[in-house]
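Topology and contacts: notes
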Amino acid sequence: MAKIGIVDSGCGGLSVYREILKVLPHSSYIYYADNANCPYGEKSPQFIIGRMNEICSLLISKGAAVIVVACNTATSAAIASLRESFPIPFVGMEPAVKPAALGTRSGVIGVLATEGTLKGSKYLHNKELYEDEVQILEHAGLGFVELVERGVLCGSEAESVVRSSLAPLLEAGADTIVLGCTHYPFLLPVMQKVAAELTPNPVRFIDPSPAVARRLVDVLRAEHIEPEDPRPGLELLCSGSREVALRLLGQFS
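Residues numbered from 1 in each chain as written. Predicted model: local features only at pLDDT ≥ 70, side-chain atom pairs only at ≥ 80, totals over all residues. Heavy atoms only, no water.

**Quick word on the sheet that holds strand 3 (residues 64–69)**
In a beta sheet, neighbouring strands are held together by backbone hydrogen bonds and run either parallel or antiparallel to one another. A sheet is described by the order of its strands in space; here five strands give the open sequence 4-3-1-2-9, paired in parallel fashion. Every other strand in the sheet has two partners, leaving strand 4 (90–91) and strand 9 (233–238) as the edge strands with one partner each. Where strand 1 (residues 3–8) meets strand 2 (residues 28–33), five bridges bridge the pair, whose relative direction is parallel. Its bridge partner lying in strand 2, I6 is registered against Y31. Across the sheet, helix 10 (residues 209–222) touches strand 1, strand 3 and strand 4, and the angle it forms with strand 3 is around 155°. (Pairing = 2+ DSSP bridges. Helix = DSSP H or I, 4+ residues; strand = E, 2+ residues; numbered from the N terminus. Contact = heavy atoms within 4.5 Å. Axes fitted to C-alpha atoms, helices over the stretch in contact; angles between N-to-C directions.)

**So, the nonpolar core**
Generally speaking, nonpolar side chains in soluble globular proteins are found buried as a group. Among the nonpolar cores identified, the biggest contains 59 residues, and V68, L166 and M191 are the most heavily contacted of them. Discounting residues that sit within four places of it in the chain, V68 has contacts with I4, G5, I6, V7, V16, I20, V91, V212 and L216. V7, Y40, I48 and I88 belong to the second largest nonpolar core, which has 21 residues in total. (Core = buried A, V, L, I, M, F, W, Y, C linked by side-chain atoms within 4.5 Å. Buried < 20%, exposed > 50% of the residue type's maximum accessible area, 1.4 Å probe, protein only.)

**Remarks on the packing of aromatic side chains**
Per the stated rule, a full pass over the model turns up three aromatic pairs. An angle of 80° between the planes, with centres 5.1 Å apart, marks the rings of Y17 and Y29 as edge-to-face. A residue pair is termed long-range when its members are at least 10 positions apart, and Y17 in helix 1 (residues 14–23) and Y29 in strand 2 qualify at twelve residues. Residue Y29 is classed as buried on the basis of its relative accessible area of 2%. (Phe/Tyr/Trp six-rings, centres within 6.5 Å; stacked < 30°, edge-to-face > 60°.)

**As for the pairing of strand 7 (residues 176–179)**
What you see with strand 7 is no split at all: T176 and V178 on one side and I177 and L179 on the other are buried throughout. In this sheet, strand 7 lies alongside strand 5 (residues 108–113) in parallel orientation, the contact comprising four bridges. Paired with I109 across the strands is T176, a residue of strand 7. Of the pairings in the sheet, the one linking strand 7 to strand 8 (residues 204–206) comprises three bridges and is parallel in character.

**Quick word on the pairing of strand 2**
With six of six residues buried, strand 2 lies mostly within the body of the structure. The alternating pattern of strand 2 places S28, I30 and Y32 and Y29, Y31 and A33 on opposite faces, both of which are buried. Remark: the strand 1/helix 1/strand 2 crossover connection has right-handed handedness. Taken together, the six bridges between strand 2 and strand 9 define a ladder with parallel strand orientation. In the sheet register, A33 faces strand 9, and the bridge partner there is C238. (Right-handed = clockwise from strand over helix to strand, strands pointing away.)

**Some words on helix 10**
Spanning 14 residues, helix 10 covers 20 Å between terminal C-alpha atoms, matching the ideal 20 Å at 1.5 Å per step. Within the span of helix 10, buried status applies to S209, V212, A213, L216, V217, V219 and L220. Projected down its long axis, helix 10 shows its buried positions confined to an angular sector of 165°, all on one face. Summarising the geometry of helix 10, the exposed residues directed more than 90 degrees from the buried face are R214, R221 and A222. Where helix 10 is buried, its residues contact strand 1, helix 1, strand 3 and strand 4. Backbone geometry just downstream of helix 10 places H224 in the positive-phi region, at approximately 55°. (Expected span 1.5 Å × (residues − 1). Arc of directions from axis to C-beta.)

**Points about the sheet that holds strand 5**
Taken in spatial order, the four strands make up an open sheet running 6-5-7-8, and their pairing is parallel. The sheet terminates laterally at strand 6 (135–140) and strand 8, the two strands that pair on one side only. Each strand axis lies, on average, 25° off the axis of its neighbour in the sheet, ignoring direction. Where helix 6 (residues 121–130) meets the sheet, it contacts strand 5 and strand 6, and its direction lies at approximately 155° from that of strand 6.

**Let's talk about unusual backbone geometry**
For the bond from C38 to P39, the omega torsion is 5°, close enough to zero to count as cis. Here P39 lies in the loop between strand 2 and helix 2 (45–61). Positive phi, close to 55°, is recorded for H224, a residue that is not glycine. Among the structural elements, H224 can be located in the loop between helix 10 and strand 9. In this structure H224 comes out as exposed when scored by relative accessible area, which is 73%.

Have a look at this one:
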């Protein structure tokens, strides 16, 4: 039976898995968290390509018929190489600049992402399409990935880290914030709390994961891949500790 592979630098891609599970609840999954090498935002493209090739080769050997690269930085750095190297379809992350640009009321949108994503060709292409229509502000979510990998999703430490990155965007008038890293949705409740403290205006946060889940369904249909399994479930693989990943999975699986 065909399996769906999902790969990320760590636990962030579980936010994508959470959305995929809503539309494909009866499928079998293999998730690989390369958390021993997380975060990817500071790694070289060559390193990321090498790791993605190794991990995807393993997932395919375990029966993955399609792989979701549930990491913005890895998508930008490696998905073209993966599509050349392996004969299966890959679904990557797409920076959600378009819905943010179309939905803003203030004409100012903010993009929170890793340094690697902000320098990547996918994001830069999307930015170029809309930067004449809206003002696009960028900020690296410094410390966000590390919080999630430690399982710190609330409290004063998380609020302090989030505030330092969110405040400049909101102070500049952004009313729509693109979450450009799959780790960030796990901090969404903190972001909403901090945003309410920083501005009286409503702030919309855009998580691209639901769109990725819909794209996966389209790819499965187009490629005639049948992912339903009489014994659905998830095989979790980690290059580091499994503790935080299991804790996050316990919230929604």
